[in-house]
Amino acid sequence: MILKFKASILFIIPFYFGLIDAQIIHNQKCGIPPEESNHSRNWGYGYNDLLDDIEIWQQSQYVNIDSIGRTVQGRAIWELTISEDPSSITHKRIYIHARTHPGEEEAFWVTDEIINFLLADTPEASFIRSNTIFHIVPMHNPDGVELGYSRENANGLDIESGWDDNVLEPEVSVLQNRFLELSLAIPNPIQVALNMHSAYACKRYFVYHHENGTSSYFTDLEKDFISGIQHYYPDGIEDWDYFVSWSSNTPDQYPESWWWFNYAENVMALTYEDMNCSNAGNYNITAEAIVRGVCDYLGINLAGINDQKEIPSAYALKQNYPNPFNPLTTIDVQLKQSGGNIRLSIVDISGNEVKVLANNYFLAGVKSFQWDSKDRNGKSVPSGVYFYHLETSSFKTSKKMILIK
Ligand SMILES: [Zn+2]
């Protein structure tokens with residue numbers, strides 16, 4: 001977000017952009033080093049992927065999805081509103097937008113897990129949905145995503161800046177108008193506004209604003225907010241003072257600047273930076289920490305709900321259901337601890353690995369995985385006996401299942 005050069009200067013000399021970008025990027029919080037930027041056109045998750053996900057999210061009764069405006073190239077900017085009562089005048093209101101910088105796709109993956117957590121069929125998610133209204137823009141800059149830009153919109157401008165310009169870029173204007181709409185004339189304005197990025201620093205952190213650029217009261221709130229989230233992921237999220245900005249003045253070009261000048265201490269507006277490197281991951285743990293911390297900050301007490309959440313006393317691999325099956329079956333895994341890697345794979349009768357259903361970190365609890373009887377290439381497998389293997393650092397087991405077509 002902090003650019004040493006105005007984006008318009010970069011636009012005048014696009015030929016040298018790569019070189020300048022390389023110089024800037026090592027001094028700033030966002031982005032990836034140029035040597036790692038051999039990405040696909042849309043950085044692996046494009047606008048069509050978003051449209052596919054929107055179709056899936058829309059199946060939940062707790063989400064409304066609308067376009068809030070259009071980009072330079074005319075793409076819709078989509079916003080999810082998640083709540084059991086989106087017209088409530090008492091629910092706490094939170095705004096999250098991601099992927100202003102197209103090359104920071106990890107910011108999307110965290111946001112995606114925030115959506116999954118909020119839409120889940122759990123007592124906690126239900127409690128959160130009945131006390132909050134989350135507005136989420138998963139892809140603020142779809143033109144830049146489709147053009148394969150790392151930071152710019154279709155006009156070649158970094159729309160993380162220019163929030164104070166007289167003539168705003170369309171994507172900036174769309175968000176500002178929405179922020180105003182949700183902050184003026186309603187009894188429950190936005191109280192938390194998160195701006196999701198991912199950093200070349202390869203750390204997860206919030207960009208803290210120094211009191212020289214805000215106020216001492218606001219910095220107390222910031223410390224509470226950031227530490228409150230970190231509390232749920234102490235090994236993953238850096239301390240509140242890991243990245244301090246605005247220490248000599250109040251800049252005026254950023255989204256958080258806009259929030260500060262218009263709403264000051266009334267809105268906790270912060271940039272979050274996820275990892276932007278090969279160590280990235282644990283998006284679900286990060287997302288859950290953020291949501292829990294936000295709830296704590298807003299006085300929504302999940303503690304009573306947490307006590308009811310059953311943490312299994314042992315690892316276990318359950319029998320799949322239905323079994324026999326065709327073509328879909330579900331496998332439940334009991335996880336005693338959060339954070340350890342688990343690997344769940346399907347193996348055929350000859351011992352060939354057909355598909356890996358999971359190879360990642362998960363939170364403690366019961367986690368369900370589905371297999372659609374397709375192999376790793378998306379081809380349907382023949383009828384027969386298959387085995388599913390679970391491997392954790394401390395536990396290893398298999399079970400048998402039967403596909404009958
Ligand atoms: Zn960024």
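So, a few notes on the structure that sits alongside this text. Just so you know, these numbers come straight off a predicted model, no measurement behind them.

Bringing the state of the cysteines into the picture now. On inspection of all chains with the given rule, the structure shows one disulfide. Through a disulfide, Cys 202 is tied to Cys 277; the S-S separation comes to 1.7 Å. One quick way to see it: the torsion about the S-S bond of Cys 202 and Cys 277 is about 105 degrees, and its sign makes the bridge right-handed. Taken together, the residues span a long stretch of sequence, with Cys 202 in the loop between strand E5 (190-199) and strand E6 (205-206) and Cys 277 in the loop between strand E9 (268-275) and helix H10 (283-297) at a distance of 75 residues.

Our next topic: the pattern of salt bridges. By the definition in use, this model includes 11 salt bridges. Among the charged side chains, a salt-bridge network with shared partners connects Glu 79, Arg 178 and Glu 181.

Inspection of the secondary structure puts Asn 64 in strand E1 (residues 63-70). By relative accessible area, which is 40% here, Asn 64 ends up partly exposed. Taking the C-alpha atoms as reference points, Asn 64 and Ile 54, 10 residues apart in sequence, are found 9.9 Å from one another. The residues touching Asn 64, leaving out its near neighbours within four places in the chain, are Glu 79, Leu 80, Thr 81 and Pro 86.

Grouped together as the largest cluster of nonpolar side chains are 55 residues, with contacts concentrated most on Ile 114, Phe 134, Leu 194, Met 196, Phe 225 and Ile 290. Beyond its immediate stretch of four places on either side in the chain, Phe 225 contacts Val 192, Leu 194, Phe 206, Met 268, Leu 270, Val 294 and Tyr 297.

Reading across from one edge, E1-E2-E4-E3-E5-E9-E6 is the order of the seven strands in this open sheet, with mixed pairing throughout. The open sheet has two free edges, formed respectively by E1 and E6, since each of these has just one partner strand. Pairing analysis gives two bridges linking E6 to E9, with the strands arranged antiparallel. Residue pairing across strands places Phe 206 opposite Tyr 272, the latter belonging to E9. With respect to the sheet, helix H8 (residues 216-230) is in contact with E5, E6 and E9, its orientation differing from that of E9 by roughly 40 degrees.

Now for helix H9 (residues 255-263). Counting buried positions along H9 gives seven out of nine residues, so the element sits mostly inside the fold. For H9, the set of buried residues is Pro 255, Glu 256, Ser 257, Trp 258, Trp 259, Trp 260 and Tyr 263. Contacts made by the buried residues of H9 are with helix H7 (170-181), E5, strand E7 (208-209), H8 and E9. Following H9 by one or two positions, Ala 264 adopts a phi angle in the positive range, close to 45 degrees.

Next up on the list: the sheet that holds strand E11 (residues 329-335). The strand order across the open sheet formed by three strands is E10-E11-E14, and the pairing between neighbours is antiparallel. The open sheet has two edge strands, strand E10 (316-317) and strand E14 (365-371), and neither has a second partner. In the sheet, E10 pairs with E11 via two bridges, with the strands oriented antiparallel. Bridging across to E11, Ala 316 finds its partner in Gln 334.

It is worth spelling out helix H3 (residues 47-57) at this point. Among all positions of H3, only Tyr 47, Leu 50, Asp 53, Ile 54 and Trp 57 are buried. Buried residues of H3, viewed axially, fall in a sector of 115 degrees; they line one side. Of the exposed residues in H3, the ones pointing more than 90 degrees away from its buried face are Asn 48, Glu 55 and Ile 56. Along its buried surface, H3 packs onto E1, strand E2 (76-82), helix H4 (105-119) and helix H6 (142-147).

Per the stated rule, a full pass over the model turns up 21 aromatic pairs. Geometrically, the ring pair formed by Tyr 95 and Phe 179 is edge-to-face, given 4.9 Å between the ring centres and 80 degrees between the ring planes. A residue pair is termed long-range when its members are at least 10 positions apart, and Tyr 95 in strand E3 (residues 92-98) and Phe 179 in helix H7 qualify at 84 residues. Both residues of the pair, Tyr 95 and Phe 179, count as buried. Taken together, the ring pairs connect Tyr 95, Trp 163, Phe 179, Trp 258, Trp 259 and Tyr 263 into an aromatic cluster. If you follow Arg 75 out to its NZ or CZ, it ends over the ring of Tyr 47, 5.9 Å from the centre. A cation sits over an aromatic face here: Arg 129 above Tyr 62, 3.8 Å from the ring centre.

We now examine unusual backbone geometry. With omega at 0 degrees, the peptide bond leading from Asn 323 into Pro 324 counts as cis. Checked against the element boundaries, Pro 324 lands in the loop between E10 and E11. Non-glycine residue Arg 99 carries a positive phi angle of around 60 degrees. Mapped onto the elements of the fold, Arg 99 is located in the loop between E3 and H4.

How each quantity is defined
Residues numbered from 1 in each chain as written. Predicted model: local features only at pLDDT ≥ 70, side-chain atom pairs only at ≥ 80, totals over all residues. Heavy atoms only, no water. Disulfide = S-S within 2.5 Å. Helix = DSSP H or I, 4+ residues; strand = E, 2+ residues; numbered from the N terminus. Salt bridge = Lys/Arg side-chain N within 4 Å of Asp/Glu carboxyl O. Buried < 20%, exposed > 50% of the residue type's maximum accessible area, 1.4 Å probe, protein only. Contact = heavy atoms within 4.5 Å. Core = buried A, V, L, I, M, F, W, Y, C linked by side-chain atoms within 4.5 Å. Pairing = 2+ DSSP bridges. Axes fitted to C-alpha atoms, helices over the stretch in contact; angles between N-to-C directions. Arc of directions from axis to C-beta. Phe/Tyr/Trp six-rings, centres within 6.5 Å; stacked < 30°, edge-to-face > 60°. Lys NZ or Arg CZ within 6 Å of the ring centre and 35° of its normal.

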